[in-house]
Amino acid sequence: MTPNAPRPAHRWPVRITHWVNLFAMICMFMSGWEIYNASPLFGFRFPPQMTLGGWLGGAIGWHLAVMWLLALNALCYLLWSLFSGHFRRDLLPLGAGALRRDILQALTLRLQHRQGRYNAIQKLMYLGVLALGGLLVLSGLAIWKPVQLQHLVALFGGFDTARYVHFFAMAGIGLFVVIHLLMVILVPRTLWAMITGGKHE
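Residues numbered from 1 in each chain as written. Predicted model: local features only at pLDDT ≥ 70, side-chain atom pairs only at ≥ 80, totals over all residues. Heavy atoms only, no water.

UniProt annotates the protein chain under Subcellular location (unreviewed entry) with the comment "Cell membrane". Recorded in UniProt under Sequence similarities (unreviewed entry), the annotation for the protein chain is "Belongs to the HupC/HyaC/HydC family." (UniProt positions renumbered as here; feature names shortened; annotations may be inferred.)

*Asks:* Any chance you could explain helix α5 (residues 120-144) here in plain terms?
*Replies:* Since the α-helix turns once every 3.6 residues, residues separated by three or four places project in the same direction. End to end, α5 covers 36 Å across 25 residues, agreeing with the expected 36 Å (1.5 Å per residue, within 8%). Among all positions in α5, only A120, Q122, K123, V129, L136, S139 and A142 are buried. Buried-residue contacts for α5 involve α3 (86-91), α4 (96-107), α6 (150-155) and α7 (159-186). (Helix = DSSP H or I, 4+ residues; strand = E, 2+ residues; numbered from the N terminus. Expected span 1.5 Å × (residues − 1). Buried < 20%, exposed > 50% of the residue type's maximum accessible area, 1.4 Å probe, protein only. Contact = heavy atoms within 4.5 Å.)

*Asks:* Help me out: how do you make sense of the packing of helix α1 (residues 12-38) against α7 in this one?
*Replies:* Angle between the axes and distance between the axes are the two parameters that describe a pair of packed helices. Where α1 contacts α7, the axes come no closer than 12 Å and their chain directions differ by 135°. Comparing their axes, α7 and α1 come out oblique. Crossing of α1 against α7: the hand is left-handed. Seen from α1, the contacting residues are H18, M25, F29, W33 and Y36; seen from α7, they are F167, M170, I173, G174 and H180. Class assignment for the residues of the contact of α1 with α7 results in 7 nonpolar, 3 polar and no charged. (Axes fitted to C-alpha atoms, helices over the stretch in contact; angles between N-to-C directions. Parallel < 35°, antiparallel > 145°, perpendicular 65-115°, else oblique. Left-handed = near helix turned anticlockwise from the far one by under 90°. Nonpolar A, V, L, I, M, F, W, Y, C, P; charged D, E, K, R; others polar.)

Here it is as structure tokens:
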């Protein structure tokens, strides 16, 4: 990038990890739903067409394989964000006043979207989904290795509770994905910017 060239709205590490994350999350959701169906927590099951693996063993195989891809991708994103200043520059600070202002503007349909600049609601959502991701990892490890990681299981209040935590953390990320897709539909140029980088406004 030349000194006078405009900074892209989304730099290439963000774009690459975003699309890898999309593929990995789809696989994790679908294989996770197949695992859930083998021992439901609630009075419903996910339709077979929405699951991956075909049976419990196959779903666990998919879940564990893609877990490593997702973990490596998340590690790359976190390290790059820390050392490049992405966290400090784009996701922080997050103040209560700014959040209250942007929520009010969103409710009155006056909240503007500028490429490459996160408003307070976006900052809260991205930081929140990272926290949910961490909770998913910890609860998933507790479910995967309950004997070896019995202290982690105890921290969650037992194996069954860890399963509920894992489910609701997954549901929280699912809600984030739905809102994210709605925002893309409302502001379609954000999709093109995530492919090409776009221009920072």
